[in-house]
Amino acid sequence: MTVTPVRTDLYSQVQHFYAHQMQALDAGRFADYAATFTEDGSFQHSPGATPAVTRPGIVAELVEFHRRFENDPVQRRHWFNHIALEWQPDGTIRSTVYALVVTVRPGGKPEIAPSCVVHDVLEAGEEGILTRSRLVTHDQMS
Amino acid sequence: MTVTPVRTDLYSQVQHFYAHQMQALDAGRFADYAATFTEDGSFQHSPGATPAVTRPGIVAELVEFHRRFENDPVQRRHWFNHIALEWQPDGTIRSTVYALVVTVRPGGKPEIAPSCVVHDVLEAGEEGILTRSRLVTHDQMS
Amino acid sequence: MTVTPVRTDLYSQVQHFYAHQMQALDAGRFADYAATFTEDGSFQHSPGATPAVTRPGIVAELVEFHRRFENDPVQRRHWFNHIALEWQPDGTIRSTVYALVVTVRPGGKPEIAPSCVVHDVLEAGEEGILTRSRLVTHDQMS
């Protein structure tokens with residue numbers, strides 16, 4: 001297997017980008033999460049879903065999705081692992097990442113589900129990393 | 001969301017620091033764990049606890065805490081994820097990290113609880129990274 | 001505890017190497033996985049097992065092991081955490097890594113077991129990182 005040599009500074013940047021991006025999501029800072037996408041960014045949380053596009057569109061999608069937790073004091077945390085990058089001819093970066101969702105309620109134990117794979121296309125520009133598109137596949141659906 | 005550009009060498013250093021620090025803790029090498037704190041370091045394993053201070057104080061706290069496992073052949077492993085760094089005006093680094101505790105007993109399956117967030121203040125000096133203070137919050141308590 | 005200063009570019013390389021290596025394994029690309037070992041590489045998936053040696057030997061071992069999943073539409077994902085590196089006098093790198101195996105079946109929830117520790121010897125050469133030997137220990141057996 002040939003692993004394309006990674007620009008190691010970029011690898012750390014991507015890891016750090018994901019740390020802030022996902023902590024924003026889990027803290028309910030949806031505008032901050034959406035701002036980690038490009039202006040025309042696309043976010044599809046499962047293969048059957050209609051992708052949310054543009055930052056306002058992504059915020060609207062997240063607000064809608066989180067209605068189900070309105071009276072539920074739940075804390076969700078998205079864990080990532082094994083960030084595999086591949087450079088694309090157009091200068092973007094394909095990023096394939098394992099994800100687990102950890103869910104905790106007051107006094108409860110963590111539930112860990114589902115197991116997913118995040119398929120991102122990233123852009124690395126002067127203002128840092130941005131997500132151009134994100135598709136999340138779910139292992140239990142395959 | 002503006003993610004402060006990270007010194008990528010420092011990001012790798014912090015990741016590697018945590019790997020050694022937490023493997024020391026999980027192996028019961030409490031003096032090694034305490035030595036990853038500054039001389040006046042502070043370690044508070046939950047918001048209600050009195051912080052243990054100084055390296056000898058941290059060792060004493062760990063010895064006390066692990067009494068409960070004296071006749072229990074348990075292996076605990078602290079997993080970390082999404083290390084988010086923020087530079088502070090005083091030159092220290094605020095580090096916010098997801099944590100899960102994996103617990104295994106002979107012949108058993110891993111239990112994964114609790115889900116926590118580690119709130120560290122780190123110092124990066126000539127001898128590498130040190131933890132100045134650590135507060136651990138627990139998701140099931142919030 | 002003295003943490004040997006890490007060449008931070010190498011640390012990122014190792015992380016990225018593991019991401020591609022383990023995504024290859026979990027996708028059933030056994031030849032790709034074996035190609036991440038040196039020509040004379042050794043892979044021992046538990047302390048009692050006979051090590052598989054050489055790339056063809058590793059592929060054969062993986063084919064044999066995965067027979068048990070032949071009629072089982074299972075997706076396994078190996079998660080890694082806390083990669084701790086130590087430089088050896090012979091120029092190789094000892095790498096000690098926490099691992100959890102996530103197993104998902106269609107319509108099911110992830111099972112997370114076993115909890116392991118991966119003990120690798122790595123070589124960093126012109127063609128990137130390669131695994132010279134891997135021994136996996138299992139927490140529930142200790």
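Residues numbered from 1 in each chain as written. Chains lettered and ligands numbered in written order. Predicted model: local features only at pLDDT ≥ 70, side-chain atom pairs only at ≥ 80, totals over all residues. Heavy atoms only, no water.

It is worth spelling out the overall build of chain A at this point. When you go through chain A residue by residue, the secondary structure sums to three helices and six strands. The order of α-helices and β-strands along chain A, N terminus first, is α-α-β-β-α-β-β-β-β. In terms of overall dimensions, chain A is globule-like: its C-alpha atoms have a radius of gyration of 15 Å, near the 14 Å expected for 142 residues. Summarising its shape, the C-alpha atoms of chain A cover approximately 45 × 35 × 30 Å along the three principal directions. Across chain A, contacts joining residues at least 24 apart in sequence account for 47% of those joining residues at least 6 apart. With the model as given, the accessible surface of chain A reaches about 6,300 Å², and the carbon-plus-sulfur share is 51%. Across chain A, the mean location of the 12 positive side-chain charges is 6 Å away from that of the 17 negative side-chain charges. (Helix = DSSP H or I, 4+ residues; strand = E, 2+ residues; numbered from the N terminus. Rg over C-alpha atoms; globule rule 2.2 N^0.38 Å. Contact = heavy atoms within 4.5 Å. Areas by Shrake-Rupley, 256 points an atom, 1.4 Å probe, with all protein chains shown as cover. Lys, Arg positive; Asp, Glu negative; His and termini not counted. Charge placed at Lys NZ, Arg CZ, Asp CG, Glu CD.)

What follows covers the relation of the copies chain A and chain C. The two chain copies are related to each other by a rotation about an axis together with a translation along it. Expressed as a screw operation, the relation of chain A to chain C combines 0.0 Å of axial shift with a rotation of 120 degrees, fitting to an RMSD of 0.0 Å. The operation mapping one copy onto its partner corresponds to a three-fold rotation axis. Measuring from the rotation axis to each C-alpha of chain A, the shortest distance belongs to A:Ser12, at 3.9 Å. (Least-squares fit on C-alpha atoms with pLDDT ≥ 70 in both.)

Attention now moves to the sheet that holds strand S6 (residues 128–138) of chain A. Residue and element names in this part refer to chain A. The strand order S2-S1-S6-S5-S4-S3 describes an open sheet built from six strands, whose pairing is mixed. Of all strands in the sheet, those with a lone pairing partner are strand S2 (52–53) and strand S3 (75–87), marking the two edges. Looking at chain direction, strand S1 (residues 37–44) and S6 are connected through four bridges and run parallel. The residue bridging Phe-43 from the neighbouring strand is Arg-134, located in S6. Against the sheet, helix H1 (residues 8–26) engages S1, S3, strand S4 (93–104), strand S5 (111–125) and S6, with an angle of about 155 degrees to S3. Each of S1, S2, S3 and S6 is contacted by helix H3 (residues 55–65), which is oriented at about 35 degrees to S1, the strand it contacts most. (Pairing = 2+ DSSP bridges. Axes fitted to C-alpha atoms, helices over the stretch in contact; angles between N-to-C directions.)

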